[in-house]
Amino acid sequence: MEKGASFGLFRCCMLFAVIPILFPYHCQGNWMWLGSTASGITEKMGCLGLPLSNKQKDLCKRKPNLLPTIKEGARIGIYECQNQFKHERWNCSITNDYSVFGYELTSGTKESAFILAVMAAGLVHSVTRACSAGNLTECSCDRSRQSGGSADEGWHWGGCSDDIQYGLAFSRKFIHSSEKPSSPDLAGEKEARETMILHNSEAGRQAVSKLLSVNCRCHGVSGSCAVKTCWKTMSSFDKIGQFLKEKYEHSVQILDRSKKKVRRKDKVQRKVPVNRDDLVHIKKSPNYCVEDKKLGIHGTRGRQCNRTSPAADGCNLLCCGRGYNTHVVRHVERCDCKFVWCCYVRCRRCETMTDVHTCK
Ligand SMILES: *[C@@H]1O[C@H](CO)[C@@H](O)[C@H](O)[C@H]1NC(C)=O
Ligand SMILES: *[C@@H]1O[C@H](CO)[C@@H](O)[C@H](O)[C@H]1NC(C)=O
Ligand SMILES: *[C@@H]1O[C@H](CO)[C@@H](O)[C@H](O)[C@H]1NC(C)=O
């Protein structure tokens, strides 16, 4: 196990040595790896054996009960990335090494902006859920609203609201404790990338915050709803993923050399403010059409596409105009099932043929 892990680290560092535009510090650690299926062995590795920065390891040692929650946050982040991008040319496929997302983790494109946001949001979501479930000693659900509400309008706050403040603070602290890049030759670009990490991680957290919704329950004689009790809950994580996907579509390109401050690259629009919940990127994305082993881009050859769809999953767009192959796939299933007295079900075997299209 140990050997496999250190080999992964080695491979990651090799990758980073080959491609100098990447952040150097992900060699030392990338907490996102905790969410990949390869991390099943972490129970035995302890905090020190994990691919975390020194500060994160300290945090992990001080609060070992948080580790499963961090893993869960990383897991839902990775899952949601793949879910949102399953029909796109870039489908958020993951690698075997600690970088998890390979080139895209640090490419500076809007794909890496999405990754940063969805992973930070995953951490907020999972920590907050653990708080509400009473699994953590550091936090619980929010009963502070109990006295508020609006009696005149016949409702009041009650019960257990999701308290995302602890989750937000934890996500900030944990992600900001990533190793800082150390090579001075990257100074300008390094700063822009640092800005990108901070901004997009925060945008992810803001998404969780923005999508808090209010649930209410009625009380009163025979469901008359004379009194309502309301509490706040987080949206399901796929809603948050969907929100971030929209932000990704409108990601703002920012200046590569902007010092800390986020400035639009587009001169005409420079006065238009960049909101806290906007995603930002510094590099244009490649088209992801053809394989580029060096960058870890798979290309879309062999991807299944939809012949009639005008959207991203359509053969036209997904295959980048190269065309597609069609093969017939035979499905056998039970059909025309009838209940026979008494007591069994009799079915026929039906065969259906479907055309499956894959990109050339
Ligand atoms: C993404 O696409 C590649 C082919 O380009 C495929 O091998 C892989 O299974 C896909 N991954 C996901 C998560 O859909
Ligand atoms: C709370 O802890 C229990 C027992 O360890 C676990 O099964 C459950 O998934 C946890 N729930 C959350 C939301 O963390
Ligand atoms: C293909 O796309 C069309 C149009 O968007 C849609 O109606 C159809 O359900 C899709 N087919 C599959 C197999 O996803």
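From a predicted model like this one, the values you see are computed outputs, not experimental measurements.

(A) Seen up close, the site of ligand 1. Neighbouring residues of ligand 1: Gln82, Asn91, His298, Gly299 and Arg303. Between Gly299 and ligand 1, the recorded distance is 3.0 Å, taken from a backbone N or O atom to an oxygen atom. Coverage of ligand 1 by the protein amounts to 54% of the 370 Å² it exposes when considered alone. When grouped by side-chain class, the residues that make up the shell around ligand 1 number no nonpolar, 4 polar and 1 charged.

(B) Local environment of a nonpolar patch on the surface. Together, Phe339, Trp341 and Val345 give the surface a local cluster of nonpolar side chains, amounting to about 440 Å² of exposed area. Considering the arrangement of structural elements, one finds Trp341 in the loop between strand 7 (324-340) and strand 8 (344-359). Looking at Trp341, the relative accessible area reads 75%, which means it is exposed.

(C) Broad picture of the state of the cysteines. Summed over all chains, the structure comprises 10 disulfides. The disulfide partner of Cys131 is Cys139, and the S-S distance across this bridge is 2.0 Å. Here Cys131 and Cys139 share a disulfide; its torsion about the S-S bond, -90°, makes the bridge left-handed. Here Cys131 matches Cys139 in class, with each residue buried. What pairs with Cys319 in a disulfide is Cys359, and their sulfur atoms sit 2.1 Å apart.

(D) Examining the packing of aromatic side chains more closely. According to the stated counting rule, one finds 8 aromatic pairs in the structure shown. Both rings, one in Phe170 and one in Phe174, keep their centres 5.6 Å apart while their planes meet at 15°; by these two values the pair is stacked. Residue Phe170 and its partner Phe174 are located together in helix 6 (residues 164-176), separated by 4 residues, close to a single helical turn. The burial state of Phe170 is the same as that of Phe174; both residues are buried. Through a chain of ring-to-ring contacts, three or more aromatic side chains come together here, namely Trp31, Tyr166, Phe170 and Phe174. Over the aromatic face of Tyr248 sits the side chain of Lys110, whose NZ or CZ is 4.9 Å from the ring centroid. Its guanidinium or amino end placed over the ring of Phe85, Lys245 lies 4.9 Å from that ring's centre, counting from NZ or CZ.

(E) Layout of the site of ligand 3. Inspection of the region around ligand 3 gives Asn306, Thr308 and Ser309 as its neighbouring residues. For ligand 3, an oxygen atom lies 2.4 Å from a polar atom in the side chain of Asn306. Burial of ligand 3 by the protein chains amounts to 28% of its free accessible area of 360 Å².

(F) Local environment of helix 5 (residues 110-132). Between its first and last C-alpha atoms helix 5 spans 33 Å; for 23 residues at 1.5 Å apiece the expected length is 33 Å, and the two agree. For helix 5, a buried count of 20 out of 23 residues is recorded, marking the element as mostly surrounded by other parts of the structure. Taken from the residues just after helix 5, Gly134 is the one with a positive phi, measuring 75°.

(G) Looking closely at the side chain of Thr128. Looking at the element boundaries, Thr128 is found in helix 5. Take Thr128: its relative accessible area is 0%, and that puts it in the buried class.

About the thresholds
- Residues numbered from 1 in each chain as written.
- Chains lettered and ligands numbered in written order.
- Predicted model: local features only at pLDDT ≥ 70, side-chain atom pairs only at ≥ 80, totals over all residues.
- Heavy atoms only, no water.
- Near = heavy atom within 4 Å.
- Polar contact = N/O pair within 3.5 Å; in protein donor to acceptor, adjacent residues only side chain to side chain.
- Areas by Shrake-Rupley, 256 points an atom, 1.4 Å probe, with all protein chains shown as cover.
- Nonpolar A, V, L, I, M, F, W, Y, C, P; charged D, E, K, R; others polar.
- Patch = residues over 30% accessible without salt bridge, like charges linked within 9 Å, V, L, I, M, F, W, Y side chains within 5 Å.
- Salt bridge = Lys/Arg side-chain N within 4 Å of Asp/Glu carboxyl O.
- Helix = DSSP H or I, 4+ residues; strand = E, 2+ residues; numbered from the N terminus.
- Buried < 20%, exposed > 50% of the residue type's maximum accessible area, 1.4 Å probe, protein only.
- Disulfide = S-S within 2.5 Å.
- Phe/Tyr/Trp six-rings, centres within 6.5 Å; stacked < 30°, edge-to-face > 60°.
- Lys NZ or Arg CZ within 6 Å of the ring centre and 35° of its normal.
- Expected span 1.5 Å × (residues − 1).

Nothing here speaks to function; it is geometry throughout.
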